Amino acid sequence: MKKQLSQRWLISQSWLRFLIIILLVIGVFFRFVNLDKKIYWGDEVFSSLRISGYLLSEMNEQLSNGRLFSIEDLHKYQYPNPEKNTIDTIKGIILEDSQILPLYILMTRFWVEWFGNSVAVTRSFSAFISLLTFPCIYWLCQELFESSLIGWIAIALVAVSPVHVVYAQEARAYSLWIVAILISSIALLRAMRLKTKVSWCIYAATLSLGFYTHIFFTFVAFAQGIYVIAIERFRLSKTSIYYLLSLLAGFITFVPWIWIIITHPQPQAVDWANVKQTLFASAARWAGIFSRTFLDLSINSSDPGKLKIALIPFILIILALMIYSIYVLCRRTSKEVWLFVLTLIGSVGLPLLLVDFVFQKRYATSRYTLPSVLGIQLAVAYLLTTKITSISTKVWQKSLWSLITFMLIMGGVISCMLYSQAQIWWNKYPEKYQEYPKIAQIISQGNKPLVISDTDNILPPIQVLGYLVDPKVRFQIVEKNQLPEITNGFTDIFLFLFEPSDFLKAGIEKVYNSKLQQINHFVWKIIKST
């Protein structure tokens, strides 16, 4: 690999590293800036409930008894407190969220206990963990390509990659999953190179780490097995035996949680993915997922069609670059290199692709295809490095590829700038949550506002709203098909129903001789009849 790089670049590599360090600083900045500005949406609210140690059933029982309570009372079920300990956190995951692996939740709980209760602190753990991506991807490039320059280019691409920045500011396990994938990949390649028992034990430990980080890490481990078997030409060699023993050791540590998933299934956790979609919609969705690796303007289904059409050429160029990078990788590198990248790309991407296109589901989402994104970034980093520095590349071609590299980097920087200033982004389901800031503003304008709702709307709607409204707002929640006892002393009373309740609307109008003035699809203002 090193022999293929132009000697004329050896002097300028120091300047290249300097520019990449600047990009690294920019990437770190974007990961931590405005951590608490984005709406704290449904998935994050569920994460915080698990961190608190309370069960959903406990929260519903304690909040839906018709009493008045404040935002502080809501936040009791979002942050660690003396009433619940680590055992309660694990118990909550087992009973109500078994598909959510416990490692991230436990680590974040300790983080929040140490640094304090706030949205910024909760999200900062993901941001901090995401910083480990930089040394890990550099180390992986060293093991895979034996090239520090490719490692530096990979760092530059990851530093300002919109999808990495987006999930670095999410109170979920995705940043930790990225690091687990990279560490296990490094450990595997290192073990295959060193062929020592210690290195294979380290690999087994990284498998255990990955298994307890994200459920889809099992696909990554399976893909790594395919890679080892293919490299060993389906022979039961010493390397194959050590791999199987390492996999067995890592899998044994995960067996207890597999039993928990089987005995405490949560099928409703993937109800959102069972929506039927056409082949064209699936293709468009996949194109958007992969293009966000380098360019992300937060385009969603509610945006104007003209804007989507205007982005099509850019998306096609990005997809073409990805395909070409994979082609060049397969043509110019050894089997040990290109097969590793292909198995990483296909580990989760291929199963989701089959489910989406064969069964017309919509399981594909950027947070699930992160292994594929990492593989693509490795391929693109190899392509850009070789095109810019190869001896066989002509001067005008080097200039062209330098321009392409600059455009990719600028696309990422611009995307991260837009994201840093936005309150809501595509990953927070704007079609569902974009109304919340407006609702919070309307409610907070009152002098002494009261929000009424029922049990079906506590999690996530009321909890999400609790992060947006003014502390003066009070809440009153009742059981389903029950009416609240509305007390005097409030200047503005609102009925908030993200999940509809005709009983509550009709009952308030009839029993309290009031009219409901509809403000939007989810909020009504209660006005007493004169």
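The rules behind these values
- Residues numbered from 1 in each chain as written.
- Predicted model: local features only at pLDDT ≥ 70, side-chain atom pairs only at ≥ 80, totals over all residues.
- Heavy atoms only, no water.
- Helix = DSSP H or I, 4+ residues; strand = E, 2+ residues; numbered from the N terminus.
- Rg over C-alpha atoms; globule rule 2.2 N^0.38 Å.
- Buried < 20%, exposed > 50% of the residue type's maximum accessible area, 1.4 Å probe, protein only.
- Areas by Shrake-Rupley, 256 points an atom, 1.4 Å probe, with all protein chains shown as cover.
- Pairing = 2+ DSSP bridges.
- Contact = heavy atoms within 4.5 Å.
- Axes fitted to C-alpha atoms, helices over the stretch in contact; angles between N-to-C directions.
- Salt bridge = Lys/Arg side-chain N within 4 Å of Asp/Glu carboxyl O.
- Phe/Tyr/Trp six-rings, centres within 6.5 Å; stacked < 30°, edge-to-face > 60°.
- Lys NZ or Arg CZ within 6 Å of the ring centre and 35° of its normal.
- Core = buried A, V, L, I, M, F, W, Y, C linked by side-chain atoms within 4.5 Å.
- 1 Å grid on protein atoms, 1.4 Å probe; cavity = no way out; pocket = protein on both sides within 12 Å on 5 of 7 lines; lining within 4 Å.
- Points joined across faces, edges and corners; volume = space filled by probe spheres on them.
- Nonpolar A, V, L, I, M, F, W, Y, C, P; charged D, E, K, R; others polar.
- Expected span 1.5 Å × (residues − 1).
- Polar contact = N/O pair within 3.5 Å; in protein donor to acceptor, adjacent residues only side chain to side chain.
- Parallel < 35°, antiparallel > 145°, perpendicular 65-115°, else oblique.
- Disulfide = S-S within 2.5 Å.

Chemist: Teacher, can you tell me more about the overall build of the protein here?
Modeler: Each helix and strand counted, the protein has 23 helices and 6 strands in total. Its C-alpha atoms give the protein a radius of gyration of 26 Å, near enough to 24 Å, the size a compact globule of 530 residues would have. Counting only C-alpha atoms, the protein reaches 85 × 50 × 45 Å along its principal axes. Counting all 530 residues of the protein, 55% fall into the buried class. A total accessible area of about 23,500 Å² is found for the protein, and carbon and sulfur atoms account for 66% of it.

Chemist: Is there a simple way to explain the sheet that holds strand E3 (residues 474-478) in this structure?
Modeler: Pairing between the strands of a sheet comes from backbone hydrogen bonds, and it takes one of two forms, parallel or antiparallel. Reading across the sheet, the 6 strands line up as E1-E3-E2-E4-E6-E5 and stay open at both edges, with mixed pairing between neighbours. Whereas interior strands pair on both sides, the edge strands pair on one side only; in this sheet they are strand E1 (68-69) and strand E5 (514-518). Pairing of strand E2 (residues 449-454) with strand E4 (residues 492-496), which is carried by 4 bridges, proceeds in the parallel orientation. The residue of E4 that forms the bridge with Leu450 is Ile493. Across the face of the sheet, helix H22 (residues 458-466) comes into contact with E2, E3 and E4 while running at roughly 175° to E3. In this fold helix H23 (residues 502-511) packs onto E2, E3, E4, E5 and strand E6 (523-528), with an angle of close to 135° to the strand it touches most, E5.

Chemist: Would you mind showing me how to read the pattern of salt bridges here?
Modeler: Side-chain pairs of opposite charge can arise whenever the charged atoms involved come near each other. Under the criterion given, the structure shown has 13 salt bridges. Put simply, Arg50 and Glu96 hold a salt bridge, and the shortest N to O gap is 2.9 Å. With a gap of 46 residues between them, Arg50 in helix H2 (residues 42-52) and Glu96 in helix H5 (residues 86-96) connect regions that are remote in the sequence. Assessed through its relative accessible area of 3%, Arg50 is described here as buried. Note that Glu83 is salt-bridged to Lys76, the shortest N-O span being 3.5 Å.

Chemist: Any chance you could explain the packing of aromatic side chains here in plain terms?
Modeler: Pairs of aromatic rings are described using the distance from one ring centre to the other and the angle between the two planes. Evaluated as defined, the whole model comprises 32 aromatic pairs. Both rings, one in Trp200 and one in Tyr203, keep their centres 5.9 Å apart while their planes meet at 85°; by these two values the pair is edge-to-face. Highlighted residues: Trp200 and Tyr203, both in helix H12 (residues 197-211), separated by 3 residues, approximately one helical turn. The same class applies to Trp200 and to Tyr203, which are both buried. Clustering of aromatic rings is evident, with ring pairs tying together Trp41, Tyr429, Tyr433, Tyr436, Phe496, Phe498 and Phe522. Sitting above the plane of the Tyr419 ring, Lys38 keeps its charged end 4.2 Å from the centroid. Directly above the aromatic system of Phe490 lies the positively charged group of Lys448, at a separation of 6.0 Å from the ring centroid.

Chemist: What is the right way to read the nonpolar core from this model?
Modeler: Most often, soluble globular proteins keep nonpolar side chains buried together rather than apart. With 147 residues, the main nonpolar core has Phe145, Tyr227, Leu465, Phe475 and Phe496 as its most contacted residues. No other element matches helix H11 (residues 174-194), which puts 13 residues into this core. When neighbours within four sequence positions are excluded, Phe496 is seen to be in contact with Tyr436, Ile439, Val451, Ile452, Ser453, Asn457, Pro461, Ile462, Leu465, Phe522 and Val523. Ile486, Ile493, Leu516 and Trp524 belong to the second-largest nonpolar core, a separate cluster that totals 13 residues.

Chemist: Just to check I follow, could you spell out empty space enclosed by the protein for this structure?
Modeler: Sizing a probe to match a water molecule and rolling it over the atoms shows the empty space that remains. Going through the model one piece at a time under the given rule, you end up with 4 cavities of 30 Å³ or more. Together, Ser185, Val220, Ala223, Gln224, Tyr227, Phe340, Thr343, Leu344 and Ser347 line the largest cavity. Going through the elements one at a time, helix H13 (217-231) and helix H17 (335-358) are the ones with two or more residues in the lining of the largest cavity. Of the residues contributing to the lining of the largest cavity, the split by class is 5 nonpolar, 4 polar and no charged.

Chemist: Can you walk me through helix H9 (residues 148-159) in this structure?
Modeler: Turn by turn, an α-helix covers 3.6 residues, leaving residues three or four places apart pointing in a common direction. Its 12 residues place the ends of H9 16 Å apart at the C-alpha level, agreeing with the 16 Å of an ideal helix rising 1.5 Å per residue. Inspection of H9 places Leu149, Ile150, Gly151, Trp152, Ile153, Ala154, Ile155, Ala156, Leu157, Val158 and Ala159 among the buried residues, and these make up the whole buried set. Here H9 starts with a cap whose side-chain oxygen sits 3.4 Å from the backbone nitrogen of Leu149, and that cap is Ser147.

Chemist: Can you help me understand the packing of H2 against H5 in this one?
Modeler: Put simply, H2 and H5 touch, their axes get as near as 7 Å, and they point 130° apart. In terms of orientation, H2 lies oblique with respect to H5. In this structure, H2 uses Arg50, Ile51 and Ser52 to contact H5, whose residues at the interface are Thr89, Gly92, Ile93 and Glu96. Here the residues of the contact of H2 with H5 sort into 2 nonpolar, 3 polar and 2 charged.

Chemist: How should the pairing of E6 be read in this particular structure?
Modeler: In this structure, E4 lies alongside E6, joined through 3 bridges in antiparallel fashion. Across the sheet, Phe496 pairs through a bridge with Val523, a residue of E6. The pairing of E5 with E6 spans 5 bridges and is classified as antiparallel. Pairing of Ser514 across the sheet is with Lys528, part of E6. Where E5 hands over to E6, the hairpin turn is made up of 4 residues, counted between the paired strands.

Chemist: Could you clarify how one ought to interpret the environment of Leu504 in this entry?
Modeler: You can see Leu504 is positioned in helix H23. Every residue in contact with Leu504, bar those within four places of it in the chain, is listed here: Ser453, Asp454, Val478, Gln482, Leu483, Pro484, Leu495 and Leu497.

Chemist: Please clarify how the state of the cysteines should be interpreted in this entry.
Modeler: Two cysteines, two sulfur atoms, one covalent bond between them: this is a disulfide. Enumeration according to the criterion identifies 0 disulfides in this entry. Between Cys136, a free cysteine, and Cys141, which holds the nearest cysteine sulfur, the sulfur-to-sulfur gap is 11 Å. Look at Cys136 and you get buried, because its relative accessible area is 11%.

Chemist: I would appreciate a short explanation of unusual backbone geometry in the present structure.
Modeler: Of note, the bond from Leu459 into Pro460 is cis; its omega dihedral lies within 30 degrees of zero at 5°. In this fold, Pro460 is placed in helix H22. Located in the positive-phi region is Arg233, a residue other than glycine, with phi close to 55°. Turning to its location among the elements, Arg233 is positioned in the loop between H13 and helix H14 (238-263). Positive phi is not limited to glycine here, since Tyr429 has a value of about 50°.

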